[in-house]
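Secondary and tertiary structure notes
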Amino acid sequence: MNTISQRLYAIRTEINTLETAADRPQNTVLLLAVSKTKPASDIALAYQAGQRHFGENYCQEALKKQQHLGAFNISWHFIGPIQSNKTKDIAAHFNWVHSVDNLKIAQRLNDQRPDNLPPLNVCVQVNISNEETKSGLALAALPDICAAIALLPRLKLRGVMAIPAPQEYFEDQRQPYQQLRVAVAKLNGLALDTFSFGMSGDLKAAIFEGATIVRLGSALFGSRG
Ligand SMILES: *Cc1c(COP(=O)(O)O)cnc(C)c1O
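Conventions we followed
Residues numbered from 1 in each chain as written. Predicted model: local features only at pLDDT ≥ 70, side-chain atom pairs only at ≥ 80, totals over all residues. Heavy atoms only, no water. UniProt positions renumbered as here; feature names shortened; annotations may be inferred. Helix = DSSP H or I, 4+ residues; strand = E, 2+ residues; numbered from the N terminus. Rg over C-alpha atoms; globule rule 2.2 N^0.38 Å. Buried < 20%, exposed > 50% of the residue type's maximum accessible area, 1.4 Å probe, protein only. Contact = heavy atoms within 4.5 Å. Areas by Shrake-Rupley, 256 points an atom, 1.4 Å probe, with all protein chains shown as cover. Lys, Arg positive; Asp, Glu negative; His and termini not counted. Charge placed at Lys NZ, Arg CZ, Asp CG, Glu CD. Near = heavy atom within 4 Å. Polar contact = N/O pair within 3.5 Å; in protein donor to acceptor, adjacent residues only side chain to side chain. 1 Å grid on protein atoms, 1.4 Å probe; cavity = no way out; pocket = protein on both sides within 12 Å on 5 of 7 lines; lining within 4 Å. Sits in = over half its atoms within 2 Å of the grid points. Nonpolar A, V, L, I, M, F, W, Y, C, P; charged D, E, K, R; others polar.

The protein chain goes by Pyridoxal phosphate homeostasis protein in an unreviewed UniProt entry, where it is assigned to Crenothrix polyspora. As stated in UniProt under Function (unreviewed entry), the record for the protein chain gives "Pyridoxal 5'-phosphate (PLP)-binding protein, which is involved in PLP homeostasis." Of the comments in the UniProt record for the protein chain, the one headed Cofactor (unreviewed entry) reads "pyridoxal 5'-phosphate".

Now the structure itself:
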């Protein structure tokens, strides 16, 4: 056993415990292992311990690691801010994008998704705490962008992602996720199935509010220094 496999086991156990506490079935929350700044060898260790979904924030860094890990059956998730000049690589080399926050980027990803690949899974990132410095669009803009993305044939709109402002207490952590969940429930006819909610500091609140993907990095791979 190495440290990464031990941490992975502990995280999976914690997620299962929280699923039960939230009255949710087991294994309904997917762990996304956020591997930004970490070497391909760390990803390989987590993979050997059963982890299949990995999240990356920087396109060029991710592509380099993907070259080393070509033989692995990994689902790659892009979770960082998206510059226009990176959409071609993101569309070609990822299975998921969590950080779509404007229609122009969605259209570019759609146009550049290679025909031989299935539609790219996307989440719209919502700036749920209205922080000036954060990525994501305003909650009020969510219905229009979702309706527009749903019409793009090379994208598959799966749901929403949010990173709320940090809060100390459980009830305060739940509130923004609940607000977003209620807004998503009002979007008719889109069949969304994904809430990319929750990081290490608010895992319990996220799972209690319906997270289907939680994103953990340093808890698994160690601090980024
Ligand atoms: C880095 C990052 C994470 C993981 O953060 P840790 O503090 O390493 O757990 C999760 N989500 C997003 C969008 C990130 O950029």
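1. Remarks on the overall build of the protein chain
Counting its secondary structure elements, the protein chain contains nine helices and eight strands. Radius of gyration (C-alpha) of the protein chain: 17 Å, near the 17 Å computed for a compact globule of 225 residues. When the backbone C-alpha atoms are referred to their principal axes, the protein chain occupies close to 50 × 40 × 30 Å. Sorting the 225 residues of the protein chain into buried and exposed places 49% on the buried side. Looking at the protein chain alone, contacts between residues at least 24 apart form 60% of all its contacts between residues at least 6 apart. Carbon and sulfur atoms provide 50% of the accessible area of the protein chain, an area that totals close to 10,900 Å². Distance between charge centroids for the protein chain: 6 Å, based on 23 positive and 19 negative side chains.

2. Considerations on the environment of Asp 202
When you line up the elements, Asp 202 lands in the loop between strand E7 (194-197) and helix H8 (203-208). For Asp 202, a relative accessible area of 13% gives the class buried. For Asp 202, the contacting residues outside a window of four places in its chain are Pro 164, Gln 173 and Tyr 177.

3. Considering the UniProt feature "modified residue: N6-(pyridoxal phosphate)lysine" (unreviewed entry) in the protein chain
Mapped onto the present numbering, the UniProt feature "modified residue: N6-(pyridoxal phosphate)lysine" (unreviewed entry) falls on Lys 36. The topology assignment puts Lys 36 in the loop between strand E1 (30-34) and helix H2 (40-48).

4. What to know about the site of the ligand
Near the ligand the following residues occur: Val 34, Lys 36, Asn 57, Ile 79, Ile 163, Met 199, Arg 215, Leu 216, Gly 217, Ser 218 and Arg 224. In the model, an oxygen atom of the ligand is placed 2.8 Å from a nitrogen or oxygen of the Ser 218 main chain. Surface burial for the ligand is 88%, taken as the share of its 390 Å² of free accessible area covered by protein chains. A majority-of-atoms criterion places the ligand in the largest pocket. For the shell around the ligand, the per-class residue count stands at five nonpolar, three polar and three charged.

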